[in-house]
Amino acid sequence: MNEIICPNCHKAFKVDQAGFAEIVKQVRNQQFDAELSQRLALAEKEKESAVKLAEAHIKQSLQAQLALKDNELTTLKSQSALTLSEQLNKKDTELNQLKAKIENSETEKKLAVTQATQIIEKERDVLANDLRTKELEKQNLASALKQQFASELQNKEAIIKYKDEEIARVKDMKARQSTKMHGESLEIHCETEFNKLRATAFQKSYFEKDNDVKTGSKGDYIFKETDEAGVEIISIMFEMKNEGEETATKKRNEDFFKELDKDRNEKKCEYAVLVSMLESESDLYNSGIVDVSYKYEKMYVIRPQFFIPIITILRNAAMHSLKAKTELALVKSQNIDITKFEDNMNAFKAAFAKNYEHASKQFKTAIEEIDKTIDHLNKTKEALLLSVNHLRSANNKAEDLTIKKLTRGNPTMTAKFEDLKNDTE
């Protein structure tokens, strides 16, 4: 809309682009008419000035010539009568010639004036024709604009009527829906838009409802995509929020940021996207894709029409870092293999150390038992050696034992041994 100030009442009023263009054209046509009138008046004045100037110039030139001839005639009159008559005749002839020239100059002047007039009249006719052409074009343009305005007005009225009917229909539909049904209708819309392109653009993608409530909460949908090697390219946690006009408490988009960020982290998704119809009058959220990562990392708020574009934008950005992710996954896998080897080696060391400790204890116990046995055997050896000494001493004593020693001091036994000896003999 353009604002125009009235030069009379000095009040401002607004007109649309078409009305403003019409006013500008009218002002231009008025200026053209005024300029044309000024040029015609100027041309007429220039014509009159040219005619007067030509007349004055011719009269001045003829008067100078007449004055010169009059002076010459006076001079000749003072000369002799003979020559005077001849000269007078000659001068009469010249005078007649001059008069003829004057008459011819008058004719030339009239011719020049006529020619100048014709040129000016021709220019005037051309300007008049241009004026008529412009006027005709202005009328045709005005007629075309009127028809266009009438047609656009009819179209606008039809569109307004259609929008009013559609708004009434949507309001009626929303009036019969609960808040949950509103949210489900938005989920169905997003799922439908995704399924339209699933077979062509998202063949290797996962897009399903988040039904995992192990952590106590869940989002609406999870989008994931991996490459041929199974390396994750991108993952997005989606939350859909819609609100009917009849809802008493109006929610804000910001009310759902914290919970969405929690769901994203718990489900290990890289990005979080809130698809929202809340705050419908907000110029910020109506502008398209809003980055709110200044509050929560890698989080965006979009209107439903930007559902597919946000997936495409984030996926294309992730594709650029796919090589780095692949290399990182390879390094991680190598680190995992090394870690497994180290774990196995540590487990072997631990088991070996345990077995060694157990065996060492058994060896120590066995050695202690052997030492005890050796000590016992040594004691037994010592006892046996002592017994041998006792036996040797007893043997020696037995060998030194004789009948005489046994019977010494025992007359009875001595007598019996004597009797036994005699009987043997």
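Residues numbered from 1 in each chain as written. Predicted model: local features only at pLDDT ≥ 70, side-chain atom pairs only at ≥ 80, totals over all residues. Heavy atoms only, no water.

A. The arrangement of the overall build of the protein chain in detail. A count of helices and strands for the protein chain gives nine helices and eight strands. Of all 425 residues assigned to the protein chain, the portion counted as buried reaches 21%. The contacts of the protein chain with a sequence gap of at least 6 include a subset with a gap of at least 24, amounting to 57%. On the protein chain, roughly 31,100 Å² of surface is accessible, and the fraction owed to carbon and sulfur atoms is 56%. (Helix = DSSP H or I, 4+ residues; strand = E, 2+ residues; numbered from the N terminus. Buried < 20%, exposed > 50% of the residue type's maximum accessible area, 1.4 Å probe, protein only. Contact = heavy atoms within 4.5 Å. Areas by Shrake-Rupley, 256 points an atom, 1.4 Å probe, with all protein chains shown as cover.)

B. How the structure looks around the sheet that holds strand β5 (residues 232–241). The six strands are arranged β3-β4-β5-β6-β8-β7 in an open sheet whose pairing can be described as mixed. The sheet is open, and its two borders are formed by β3 (205–209) and β7 (290–291), each paired with just one other strand. In this structure, β5 lies alongside strand β6 (residues 271–276), joined through six bridges in parallel fashion. In the sheet register, M240 faces β6, and the bridge partner there is V275. Strands in contact with helix α4 (residues 257–266) are β5, β6 and β8 (299–302); relative to β6, the strand with the most contacts, it is inclined by about 140°. The sheet contacts of helix α6 (residues 307–320) involve β3, β4 (221–226), β5, β6 and β8, and relative to β5 the element is tilted by about 155°. (Pairing = 2+ DSSP bridges. Axes fitted to C-alpha atoms, helices over the stretch in contact; angles between N-to-C directions.)

C. Geometry of the pattern of salt bridges. Under the defined criterion, the tally for this structure stands at 11 salt bridges. For E270, the salt bridge identified is with K298, shortest N-O distance 3.1 Å. Here the residue E270 occupies a position in the loop between α4 and β6, and K298 occupies one in the loop between β7 and β8, the gap between them amounting to 28 residues. Residue K298 is classed as partly exposed on the basis of its relative accessible area, which comes to 29%. (Salt bridge = Lys/Arg side-chain N within 4 Å of Asp/Glu carboxyl O.)

D. Layout of α4. Buried residues of α4: F257, L260, D261, D263 and R264, and no others. The buried side chains of α4 occupy one side of the element, clustering within an arc of 160° when seen end-on. Of the surrounding elements, those touching the buried residues of α4 are β5, β6, α5 (283–286) and β8. At the exit of α4 stands K268, carrying a positive phi of roughly 55°. (Arc of directions from axis to C-beta.)

E. Summary view of the side chain of D210. Looking at the element boundaries, D210 is found in the loop between β3 and β4. In contact with D210, other than residues within four places in its own chain, are K218, G219, D220, Y221, I222, M237 and K267.

F. Quick peek at the pairing of β6. Judged by how many residues are buried, β6 sits mostly within the fold: six of six residues are covered. Taking every second residue as pointing to the same face, both faces of β6 are buried, with Y271, V273 and V275 on one and A272, L274 and S276 on the other. With four bridges joining them, β6 and β8 adopt parallel strand pairing. Across the sheet, V275 pairs through a bridge with I302, a residue of β8.

G. Seen up close, the packing of aromatic side chains. For the structure on display, the rule yields 10 aromatic pairs. One aromatic cluster is present, built from ring pairs that chain together F194, F202, F207, Y221, F223, F238 and F307. Over the ring of Y271 we find K298, and its NZ or CZ is 5.3 Å from the ring centre. (Phe/Tyr/Trp six-rings, centres within 6.5 Å; stacked < 30°, edge-to-face > 60°. Lys NZ or Arg CZ within 6 Å of the ring centre and 35° of its normal.)

H. Representation of unusual backbone geometry. Even without being a glycine, K268 presents a positive backbone phi close to 55°. Secondary-structure assignment places K268 in the loop between α4 and β6. The exposure class of K268 is exposed, given its relative accessible area of 68%.

I. Inspection of the nonpolar core at higher detail. The biggest cluster of nonpolar side chains holds 24 residues, and the ones touching the most others in it are F223, F238, V273, V275 and F307. Counting only elements with at least two residues in this core, the list comes to α3 (179–201), β4, β5, β6, β8 and α6. The leading source of residues in this core is α6, at six residues. Beyond its immediate chain neighbours, meaning those up to four positions away, F307 contacts C190, E193, F194, F207, F238, M240, V275 and I302. Counting 12 residues, the second largest nonpolar core, distinct from the first, contains C269, A272, Y285 and V290. (Core = buried A, V, L, I, M, F, W, Y, C linked by side-chain atoms within 4.5 Å.)

J. Focus on the pairing of β5. Within β5, eight of the 10 residues are buried, leaving the element largely enclosed by the surrounding structure. As paired strands, β4 and β5 are joined by six bridges and run antiparallel to one another. Looking at the pairing, E225 lines up with I234 of β5.

From the geometry alone we can't say anything about function, so treat these as descriptive.
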